[in-house]
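Spelled out from the first residue to the last, the chains are:
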Amino acid sequence: MSTRQKILVFDSGLGGLTVFREIRKVRPDADYLYLGDDALFPYGALAPEALVARVEAVIGDALADFPADAIVIACNTASTLVLPPLRARHAMPIVGTVPAIKPAAAATRSRMISVLATPGTVSRDYTAELIRDFAQGVAVTLVGSRALAGLAERALRGEAVPDEALAGEIAPCFVEAEGRRTDVVVLACTHYPLLLDRLGALAPWPVQWIDPAPAIARRVVQVLGESSLDNPGSARMVMTAGNPPEALLDAA
Ligand code: DGL
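Keep in mind that this is a model prediction, so the values were computed, not measured. (Residues numbered from 1 in each chain as written. Predicted model: local features only at pLDDT ≥ 70, side-chain atom pairs only at ≥ 80, totals over all residues. Heavy atoms only, no water.)

Draft legend 1. Summary view of the overall build of the chain. In terms of helices and strands, the chain carries 11 helices and 11 strands. Oriented by its inertia axes, the alpha-carbon framework of the chain measures out at about 60 × 40 × 40 Å. Counting the 252 residues in the chain, one finds 49% classified as buried. For the chain, the exposed surface amounts to about 11100 Å²; the carbon and sulfur share of it is 51%. Counting 23 positive and 28 negative side-chain charges, the chain places the centres of these two groups 4 Å from one another. (Helix = DSSP H or I, 4+ residues; strand = E, 2+ residues; numbered from the N terminus. Buried < 20%, exposed > 50% of the residue type's maximum accessible area, 1.4 Å probe, protein only. Areas by Shrake-Rupley, 256 points an atom, 1.4 Å probe, with all protein chains shown as cover. Lys, Arg positive; Asp, Glu negative; His and termini not counted. Charge placed at Lys NZ, Arg CZ, Asp CG, Glu CD.)

Draft legend 2. Geometry of the site of the ligand. If you check the shell around the ligand, you find 14 residues, and the closest are Ser-12, Tyr-43, Asn-76, Thr-77 and His-191. Backbone polar atom of Gly-44 to an oxygen atom of the ligand: 2.9 Å apart, as the coordinates give it. Between the ligand and His-191 there is a distance of 2.8 Å, counted from a nitrogen atom to a side-chain nitrogen or oxygen. For the ligand, the protein covers 99% of the area, taking 300 Å² as the surface of the free molecule. Its residues placed into classes, the shell around the ligand shows 6 nonpolar, 7 polar and 1 charged. (Near = heavy atom within 4 Å. Polar contact = N/O pair within 3.5 Å; in protein donor to acceptor, adjacent residues only side chain to side chain. Nonpolar A, V, L, I, M, F, W, Y, C, P; charged D, E, K, R; others polar.)

Draft legend 3. The arrangement of the packing of helix α2 (residues 48-65) against helix α3 (residues 76-89) in detail. It is the contact of α2 with α3, at a shortest axis distance of 9 Å, that shows an interaxial angle of 55 degrees. Judged on the interaxial angle alone, α3 and α2 are oblique. As α2 packs across α3, the resulting crossing turns out to be right-handed. Residues Pro-48, Leu-51, Val-52, Val-55, Glu-56 and Ile-59 of α2 pack against Thr-77, Ala-78, Leu-81, Val-82, Pro-85, Leu-86 and Arg-89 of α3. (Axes fitted to C-alpha atoms, helices over the stretch in contact; angles between N-to-C directions. Parallel < 35°, antiparallel > 145°, perpendicular 65-115°, else oblique. Left-handed = near helix turned anticlockwise from the far one by under 90°. Contact = heavy atoms within 4.5 Å.)

Draft legend 4. Structural context of unusual backbone geometry. In the segment running from Phe-41 into Pro-42, the intervening peptide bond is cis, with an omega of 0 degrees. In this structure, Pro-42 sits in the loop between β2 (31-36) and α2. Residues other than glycine seldom take positive phi values, yet Arg-111 does so here, at roughly 65 degrees. Secondary-structure assignment places Arg-111 in the loop between α4 (101-107) and β5 (112-117).

Scope: geometric values only; no functional claims are made or implied.
Here it is, written out as structure tokens:
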């Protein structure tokens with residue numbers, strides 16, 4: 001008889017729901033704990049040392065109640081720092097979310113891509129290494145948005161978020177030079193796909209937006225295997241500031 005596997009999905013807030021929904025599509029049989037550290041949201045502006053210590057502590061506490069078979073760090077801002085220390089501390093597979101620069105470099109025809117992320121993610125050595133290793137010959141514009149993750153949370157909670165605010169955040173992604181222009185934008189923060197329809201409508205010209213969530217879900221299947229049970233598992237949500245909007249798990 002197969003046992004039900006447990007998957008812990010972690011983010012600073014609600015953005016990881018964009019990853020959770022893709023994982024649950026391919027592994028509906030697993031039991032999920034969605035953990036959002038909204039008491040410290042946004043992570044984008046946190047100092048690296050504070051971020052690493054915080055994620056280690058919050059994940060450690062969660063594992064005491066939910067002995068996960070795999071952890072998904074559904075947050076680029078955290079993954080670009082915490083994967084090595086977490087892997088050193090915990091034996092189960094830990095799947096991260098890092099800027100999808102490699103697929104973007106493969107997809108661009110104009111050789112101009114933009115990476116839309118938090119200020120933390122655009123400043124990481126990890127991001128610079130991805131560009132060096134996978135985007136040679138491609139002009140990469142790094143756009144660190146202070147506000148977009150918060151705007152995505154507000155929109156998800158049903159608050160009004162004006163088009164002008166979103167348009168201003170994405171504007172620096174659209175670059176024209178020497179008759180070429182940006183044709184691929186990497187959504188390198190898991191909050192941003194929550195706004196994908198609106199971002200597409202507000203873009204000054206059409207681009208390919210890359211949301212890495214389906215690739216992360218495939219990676220989870222690689223490390224844990226395919227669904228092994230016919231009936232769906234459970235999903236629970238814990239937010240460190242309290243009041244988890246559990247209904248969003250089913251809406252995701
Ligand atoms: N969702 C997070 C990410 O993927 C970060 C949002 C934030 O806390 O600033 O980077």
